[in-house]
Protein chains: 2
Amino acid sequence: MAAPEESLRKALAEKQSAVEAHGNAVRALKAAKASKPEIDAAIEALNSLKLEKSSIEKQLQAAVSGSDGDGALSREAFRQAAVNTLERRLFYIPSFKIYRGVAGLYDYGPPGCAVKSNVLAFWRQHFVLEENMLEVDCPCVTPEVVLKASGHVDKFTDLMVKDEKTGTCYRADHLLKDFCNEKLQKDLTISAEKAAELKHVLATLDDLSAEALGAKIKEYGITAPDTKNPLSDPYPFNLMFQTSIGPSGLSPGYMRPETAQGIFVNFKDLYYYNGNKLPFAAAQIGQAFRNEISPRQGLLRVREFTLAEIEHFVDPEDKSHPKYSEVVDLEFLMFPREEQMSGQSAKKIRLGDAVSKGTVNNETLGYFIGRVYLFLTRLGIDKDRLRFRQHLANEMAHYAADCWDAEIECSYGWIECVGIADRSAYDLRAHSEHHVKNVFDEGQREGNIDFIGTNLDKSGVPLVAAEKFSEPREVEKLVIAPVKKELGLAFKGSQKNVVEALEAMNEKEALEMKAALESKGEVEFYVCTLGKNVPIKKNMVSISKEKKKEHQRVFTPSVIEPSFGIGRIIYCLFEHSFYTRPSKAGDEQLNVFRFPPLVAPIKCTVFPLVQNQQYEDVAKVISKSLTTAGISHKIDITGTSIGKRYARTDELGVPFAITVDSTKDVTIRERDSKLQVRVSVEEAALVVKSVTDGLRTWEDVWEKYPHHTSGSADD
Amino acid sequence: MAAPEESLRKALAEKQSAVEAHGNAVRALKAAKASKPEIDAAIEALNSLKLEKSSIEKQLQAAVSGSDGDGALSREAFRQAAVNTLERRLFYIPSFKIYRGVAGLYDYGPPGCAVKSNVLAFWRQHFVLEENMLEVDCPCVTPEVVLKASGHVDKFTDLMVKDEKTGTCYRADHLLKDFCNEKLQKDLTISAEKAAELKHVLATLDDLSAEALGAKIKEYGITAPDTKNPLSDPYPFNLMFQTSIGPSGLSPGYMRPETAQGIFVNFKDLYYYNGNKLPFAAAQIGQAFRNEISPRQGLLRVREFTLAEIEHFVDPEDKSHPKYSEVVDLEFLMFPREEQMSGQSAKKIRLGDAVSKGTVNNETLGYFIGRVYLFLTRLGIDKDRLRFRQHLANEMAHYAADCWDAEIECSYGWIECVGIADRSAYDLRAHSEHHVKNVFDEGQREGNIDFIGTNLDKSGVPLVAAEKFSEPREVEKLVIAPVKKELGLAFKGSQKNVVEALEAMNEKEALEMKAALESKGEVEFYVCTLGKNVPIKKNMVSISKEKKKEHQRVFTPSVIEPSFGIGRIIYCLFEHSFYTRPSKAGDEQLNVFRFPPLVAPIKCTVFPLVQNQQYEDVAKVISKSLTTAGISHKIDITGTSIGKRYARTDELGVPFAITVDSTKDVTIRERDSKLQVRVSVEEAALVVKSVTDGLRTWEDVWEKYPHHTSGSADD
């Protein structure tokens, strides 16, 4: 992708030099009063060079702004049309609009709210019900201690810069990103080297420290976008909304930035609820909050949003999945790390192959990738604009085993909508360790836990699972037994630090020390809590491998976490569903959302063809049977033309319209094909129900029932 | 209710005096060495008096603690049994338990979460879908300006006292309430007058000012419950969780204390969405937050909870409801204001009678009371422990037209679970007025709005509706036209204040001024924004009544608001559904929740009778068809006895169990009757589905299918 752009930039620079050189030559000829034919020939050559330059410029412009030169423009126009419709029909609107709103907060109006509740109901059906997950519902208000343990209090930050005069705040990386993109797209004169540098900055944006970001901002002379004032150095801003719990003002709390922590802290109870068996998954749907520095892109980056998260707990030694075979043959766009590094694009891969080749770390992770693919495409996401992108090494947390994002392409580019991560044992350990310090031998933690000679904080709750052996097994265990008396004599007040450091050795370190002590009798040992080396003698610690009978294996389960940004999915679904088509008269473009019945906000409208008591009574009868059948619908008895009423409901994505034009039979019209069938009044509700419930397709209906032949009203 | 208690207290005091007098008499006889028969007779009389006193004591004890003397105790024991089961089976648990929890925050575990989601789904069906309400979904984070306008920033407070030494905070009214209740229930020696005083305090608790509360606390010598330290004076504590929106720290915000405001600020858009027609209702389900000073009573008083609110907007001149006839014949416990004042108890009233007699203010309010009754009883709330209590005059906001609470009786007493209030035009006006100051002539606001000669704050959004007249109507309108030139000459810089004050006159004031100006030529006029009188001359203002043709009537709609505390409803439902019955062997009490299928967390369990591959395969086939039918269920293939497995699922309130004991037919057992029928493997899922969907009853099934005769396993 970058390759043609780079060569174009080089070609452009060369052509520019050639144009300049030729221009000089022409001027020299003129000055030297050369012959007219000679000058004319030179000018012709110059013009042809200019034409070539201009052609390269166009190609470069096209290369930097997408597949075609008008791509960015048409994307913008498409989005404008979709968003106008969405806001006008109250799918969503900026919150507190009469008070001029608050950036990053949106309301879902009636149709948006219905779409959202349909998406969540399907999520519950597809994941919670079909997988027998344990759904929980925890509060948003969270005490500080929980988010301290999870790392959010210390690390959930973005780097911010301030306009030094007005105090307006900006996200530092956004400013740098905008600067680089703008430069790359609009300034065709920059050299290929400069372009490569800017691209490198964009690629490594997430890795830049506050200092590095600040240096780049200075280097590029970036100023405050609104005022052009100088900017402060970048500094971290915590994205959690802070509050205070209770009346004393002494208990800080936060609005949760994710729902996952509520599940982790309940692991022990949930494991017990599941009969002390692994694997199992817990799930939660709920609000999450991030006090974004500068919210943008509508529903895509907001300050409050609905998350649906799954925490699948699994034995780290067995990440197979019983239902893996159900997804193994799915084939869809995947974008593994290697393809990204080598500049290729996403390609269709059979999920089973990705797992068996090790591209996807394990079966369970693969299973969830497949289930997410099914979930999104059944909602109506276009499978050709959906890809699963693997995190690059630098994107992934150090503890993560593997991580894939379901990215959906919309007018803003590829948007991360679902993250599917194998987070290993990180989260459960973080909460265990916040209580239980120095309990585990670090090196042995995964396998054999030994509480001997440790400081167990009694309030601590180790979040672990156990595999009971059918018969006891003999295992070799490393036992580090510090001799406290000797250590006390040698190190006095520092004894505790030394004991802890000794116990914290992993197997390799301990065995090396054992060997060294046996050969030399004394070793230098670094105690990090003291910040120095201390001499350890042979009589101060006993290190041995002992054979023990074990009845169970105790371990911290791995967590595989699919996390769904519901608002982002819904926004992308809106874009993928939106299209326009000319009106019957051809004088305007009509808006349509092609929502599948599953997500459509209203499944059906009922229209009396003309205002007439008889037809209205029939419409009410049908409405009643639709209500009984649980089909959300709307009656429209306004005197507006039937074509206008269809257009109005197409714009809400209503899949079916029942038009009452007799007291016996009615017409059912399908939104996208505009085809119509005749059905009896009694059957109408059931026909609609069977299609919206997915028991049959519109094609089945089209085959079974007589077609409406008198010409459809809106076509 | 109070009457017998009062007379008992009097009788007890008299009997006590009699006992004392008689005691003295006996002592006097002894001192006077009276004859033994004489003394014996006196002692006998004394003992009989003591017996009478003790009997009155018992009656009094019974009267103060409920219907019978053991009432309080058994209520406590019942609650303990229910709550133990609820917490053990993870219906709900204190949040963040491994960190010792936070008062007033609870998690719903898997079965509780399922019950909650069933309750909300039914709420959506019963209200939103059946009434075609406009559902919206607004953020929890709310900017200060919105809650300033609604009055929450200034008035959403509770009075708090602090332990003067430790700083621990308490709700002042709770301490006073606890003191009075304790005194009334445990101290039988207090006089009838004292008892009456304490009861009066309890009855007027909500009306007490900070000063009055503080005075009572001092008078009764109430101290901090834990330390007995002295308490501070009461002072108001705002119950909203405060936070800050955006990075600047300059935009205060709160977590919403109710969902209603999100609807009110969107009134204009929603009215438009509804085709500019009234009445219509908007609805919202979502989290709300109250930073309670001292949360208590489990799920009943918490710091974060789910609200489901309806705002039904209606023309104040026409509060009829098209579907009123559907509820008019419902009969249930109502507790009108009068009955409360006269010490009677709630009684069964036909809803239609309550409305036609004016006990319930209007049809629409009555309609919603009826719908709430149907909603709660269909969920499984016992209709004999549900009453609709009208607010007393002192409980109701000054603007409210009428207000009824659906109260459910549980072990904590009668709990307000749904509030149904006619809030008149208060809320919409509050938001309109926050922008549009001095726009409306106060006196004319309800009728004719005139924007002429007013200062319309351009950002203001009047939240009003309009009734278009079929033909123009002639109306007489008051027109106040200040003559700015003259006023400018007379008042210079204060001109604007005078103009605004003139325009703000109501009809009566204006007509008085007109008369005075005509008779005297000049009047003194108080301008509140100047804080003084100014002289107004005849040439400074023209006041006239003009006849105008009007094409519409513009007005602020009334709001009728049913507001549901979902957590409270669920807790009461738990208590109403809970019972125990002896095990087969009679050696223990088994817990059962008699949830109707509609709310049961899992609809069905599937048990292979014994561990056996064939049966397990059949169980899997049935499980698959249950999943397809959308029936939440669980397979239990543990080797536990079938009786134990039934007990385990009864405790979760699972209504049906399918036991696989052959490969052709299976047994379906109903939870409460423990009756069993034989059904083919193919039919099993459909039978369960038809009953859980309410298409037929268990009785229908019992009639249709052969009974399981080999004796039920758990009975």
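What you see is a predicted model, and the numbers here were worked out from it, not measured in a lab. (Residues numbered from 1 in each chain as written. Chains lettered and ligands numbered in written order. Predicted model: local features only at pLDDT ≥ 70, side-chain atom pairs only at ≥ 80, totals over all residues. Heavy atoms only, no water.)

**Notes on the overall build of chain A**
Next up, step 1: Counting secondary structure elements, chain A contains 23 helices and 28 strands.
Next up, step 2: Structurally, chain A occupies a C-alpha span of about 100 × 95 × 55 Å along its principal axes.
Next up, step 3: By residue count, 52% of the 715 residues in chain A fall in the buried class.
Next up, step 4: Put simply, 68% of the contacts in chain A that link residues at least 6 apart link residues at least 24 apart.
Next up, step 5: Taken as a whole, chain A presents about 31900 Å² of accessible surface, with 51% of it coming from carbon and sulfur.
Next up, step 6: Of the charged side chains in chain A, 93 are positive and 103 negative; the average position of the first set lies 2 Å away from that of the second. (Helix = DSSP H or I, 4+ residues; strand = E, 2+ residues; numbered from the N terminus. Buried < 20%, exposed > 50% of the residue type's maximum accessible area, 1.4 Å probe, protein only. Contact = heavy atoms within 4.5 Å. Areas by Shrake-Rupley, 256 points an atom, 1.4 Å probe, with all protein chains shown as cover. Lys, Arg positive; Asp, Glu negative; His and termini not counted. Charge placed at Lys NZ, Arg CZ, Asp CG, Glu CD.)

**Here we look at the interface of chain A and chain B**
By a widely used convention, the size of an interface equals the accessible area lost when the partners come together.
Next up, step 1: Counting residues at the interface gives 74 residues for chain A and 74 residues for chain B.
Next up, step 2: When residues of chain A are sorted by the area they lose upon contact with chain B, Ile 98, Tyr 99 and Tyr 273 of chain A head the list and together hold 13% of the total.
Next up, step 3: The tally of links from chain A across to chain B stands at 4 salt bridges.
Next up, step 4: At the junction of chain A with chain B, the criterion picks out 20 residue pairs in polar contact (both at pLDDT 80 or more).
Next up, step 5: Among the elements that line the side of chain A that touches chain B, the one with the most residues is helix H4 (residues 110-129) of chain A, at 8 residues.
Next up, step 6: In the side of chain A that touches chain B, the residues fall into 38 nonpolar, 22 polar and 14 charged. (Buried area = accessible area lost by both parts, 1.4 Å probe. Salt bridge = Lys/Arg side-chain N within 4 Å of Asp/Glu carboxyl O. Polar contact = N/O pair within 3.5 Å; in protein donor to acceptor, adjacent residues only side chain to side chain. Nonpolar A, V, L, I, M, F, W, Y, C, P; charged D, E, K, R; others polar.)

**Some details on the sheet that holds strand S26 (residues 656-660) of chain B**
Residue and element names in this part refer to chain B.
Next up, step 1: The 5 strands lie next to each other as S25-S24-S26-S27-S28, forming an open sheet whose pairing is mixed. Both outer strands of the open sheet, strand S25 (633-635) and strand S28 (676-680), are each paired with one neighbouring strand and no more. The sheet shows a mean angle of 25 degrees between the axes of neighbouring strands, taken without regard to direction.
Next up, step 2: Sheet analysis places strand S24 (residues 604-608) next to S25, joined by 3 bridges and oriented parallel. Directly across from Cys 604, in S25, lies its bridge partner His 633.
Next up, step 3: Against the sheet, helix H21 (residues 642-650) engages S24, S26, strand S27 (665-670) and S28, with an angle of about 165 degrees to S24.
Next up, step 4: Along the sheet face, helix H22 (residues 681-692) touches S24, S26, S27 and S28 and points at about 125 degrees away from the line of S28. (Pairing = 2+ DSSP bridges. Axes fitted to C-alpha atoms, helices over the stretch in contact; angles between N-to-C directions.)

**Some words on the packing of aromatic side chains**
One pair of aromatic rings is described through two measures. These are the centre distance and the angle between the planes.
Residues and elements named next belong to chain A.
Next up, step 1: In this structure the tally under the stated criterion is 58 aromatic pairs over all chains.
Next up, step 2: Ring plane angle 50 degrees and centroid distance 5.5 Å describe the contact between Trp 123 and Phe 127, whose orientation is recorded as tilted. Of this pair, Trp 123 and Phe 127 are both found in helix H4, 4 residues apart, which corresponds to roughly one turn of the helix.
Next up, step 3: The buried category is assigned to Phe 127, whose relative accessible area is 0%.
Next up, step 4: Consider the rings of Phe 332 and Tyr 373, whose centres lie 4.4 Å apart with planes at 20 degrees: the pair is stacked. With Phe 332 in strand S12 (residues 331-335) and Tyr 373 in helix H14 (residues 363-379), the pair connects residues that are 41 residues apart, well separated along the chain. Taken individually, Phe 332 and Tyr 373 each receive the classification buried, so the pair is uniform in this respect.
Next up, step 5: An aromatic cluster is present here, built from Phe 78, Phe 91, Tyr 92, Tyr 106, Phe 574, Phe 578, Phe 593 and Phe 595 joined pairwise through their rings.
Next up, step 6: Cation over ring: Arg 387 sits above Trp 414, and NZ or CZ is 4.1 Å from the ring centre. (Phe/Tyr/Trp six-rings, centres within 6.5 Å; stacked < 30°, edge-to-face > 60°. Lys NZ or Arg CZ within 6 Å of the ring centre and 35° of its normal.)

**Regarding helix H2 (residues 36-64) of chain A**
Next up, step 1: Taking 1.5 Å of rise per residue, 29 residues should cover 42 Å, and H2 of chain A covers 41 Å from first to last C-alpha, within 8% of that figure.
Next up, step 2: What H2 of chain A keeps buried is the set Ile 39, Ala 42, Leu 46, Leu 49, Ile 56, Leu 60, Ala 62 and Val 64 of chain A. (Expected span 1.5 Å × (residues − 1).)

**Section: the side chain of Glu 339 of chain B**
Residues and elements named next belong to chain B.
Next up, step 1: Along the chain, Glu 339 falls in helix H12 (residues 337-341).
Next up, step 2: For Glu 339, a relative accessible area of 10% translates into the label buried.
Next up, step 3: Those residues in contact with Glu 339, other than ones at most four positions away along the chain, are Gln 344, Ser 345 and Lys 347.

**Examining helix H19 (residues 566-577) of chain B**
Residue and element names in this part refer to chain B.
Next up, step 1: With 12 residues, H19 should reach 16 Å at 1.5 Å per residue; the first-to-last C-alpha distance of 16 Å fits that figure.
Next up, step 2: Burial analysis of H19 places 11 of its 12 residues in the buried class, the great majority of the element.
Next up, step 3: Along H19, the residues that are buried comprise Ile 566, Gly 567, Ile 569, Ile 570, Tyr 571, Cys 572, Leu 573, Phe 574, Glu 575, His 576 and Ser 577.

**Let's talk about the nonpolar core**
Next up, step 1: In terms of nonpolar packing, the biggest core is built from 214 residues, with Phe 564 of chain A together with Phe 564 of chain B touching the most fellow members.
Next up, step 2: Among residues more than four places away in sequence, those in contact with Phe 564 of chain B are Trp 123, Phe 127, Thr 306, Leu 307, Ala 308, Ile 310, Val 372, Phe 375, Cys 417, Val 418 and Ile 569 of chain B. (Core = buried A, V, L, I, M, F, W, Y, C linked by side-chain atoms within 4.5 Å.)

**Some points on the domain arrangement of chain A**
All names here are of chain A.
Next up, step 1: Domains assigned within chain A are domain 1 (2-64), domain 2 (157-238), domain 3 (315-426), domain 4 (465-555) and domain 5 (602-704).
Next up, step 2: Here the C-alpha centre of domain 2 lies 34 Å away from the C-alpha centre of domain 1.
Next up, step 3: Between domain 1 and domain 2, the residue contacts involve 10 residues of the former and 10 residues of the latter.
Next up, step 4: Taken as a group, Arg 9, Gln 61 and Val 64 account for 56% of the area that domain 1 buries against domain 2, more than any other trio of residues on that side.
Next up, step 5: Applying the counting criterion to the domain 1 and domain 2 interface returns 0 salt bridges.
Next up, step 6: Linking domain 1 with domain 2 are 1 residue pair in polar contact (both at pLDDT 80 or more).
Next up, step 7: Mapped by element, the contributors of at least two residues to the side of domain 1 that touches domain 2 are helix H1 (2-31) and H2.
Next up, step 8: No other element matches H1, which puts 6 residues into the side of domain 1 that touches domain 2. (Domains from an automatic or database assignment.)

**Quick word on the sheet that holds strand S8 (residues 242-244) of chain A**
All names here are of chain A.
Next up, step 1: Read from one edge to the other, the open sheet built from 3 strands follows the order S4-S9-S8, with strand pairing classed as antiparallel. The sheet is open, and its two edges are formed by strand S4 (141-143) and S8, each paired on a single side. The average angle at which neighbouring strand axes cross in this sheet is 40 degrees, direction not considered.
Next up, step 2: The sheet contact formed by S4 and strand S9 (residues 252-255) spans 3 bridges and is antiparallel. Bridge pairing in S9 places Thr 142 opposite Tyr 254.

**Side note on the packing of helix H16 (residues 484-491) of chain A against helix H17 (residues 495-503) of chain A**
All names here are of chain A.
Next up, step 1: Contact geometry for H16 and H17: axes closest at 9 Å, N-to-C directions at 130 degrees. Of the possible angle classes, the one that applies to H16 and H17 is oblique. As H16 packs across H17, the resulting crossing turns out to be right-handed. Here Lys 484, Leu 487, Gly 488 and Phe 491 of H16 lie close against H17, whose contacting residues are Gln 495, Val 498, Val 499 and Leu 502. (Parallel < 35°, antiparallel > 145°, perpendicular 65-115°, else oblique. Left-handed = near helix turned anticlockwise from the far one by under 90°.)

**What to know about the confidence of the model for chain A**
Next up, step 1: Per-residue pLDDT for chain A has a mean of 88; in total, 94% of the residues score no lower than 70.
Next up, step 2: When the criterion is pLDDT under 50, residues 436-459 of chain A qualifies, and its contacts beyond four places in sequence or with other chains add up to 57 contacts. (pLDDT = per-residue confidence, 0-100.)

**Notes on the relation of the copies chain A and chain B**
Next up, step 1: Between chain A and chain B, which share one sequence, the superposing operator has a rotation angle of 179 degrees and an axial displacement of 0.1 Å; the RMSD is 1.0 Å. Given the turn and translation reported, the copies of this chain are related as if by a two-fold rotation axis. When each C-alpha of chain A is compared by its distance to the rotation axis, Thr 243 of chain A comes out closest, at 2.5 Å.
Next up, step 2: With an isologous cut-off of 70% or more, the 100% of interface residues of chain A that recur at the interface of chain B puts this contact in the isologous class. (Least-squares fit on C-alpha atoms with pLDDT ≥ 70 in both.)

**Thoughts on the packing of helix H4 (residues 110-129) of chain B against H19 of chain B**
Residues and elements named next belong to chain B.
Next up, step 1: Between H4 and H19, the least distance of the axes is 11 Å, while the angle of their chain directions is 115 degrees. Here H4 is positioned roughly perpendicular relative to H19, judged by the angle of their axes. The chirality of how H4 crosses H19 is right-handed. Contact residues: H4 offers Val 115, Lys 116, Val 119 and Leu 120, while H19 offers Ile 566, Ile 570, Leu 573 and Phe 574.
Next up, step 2: Considered class by class, the residues forming the contact of H4 with H19 number 7 nonpolar, no polar and 1 charged.

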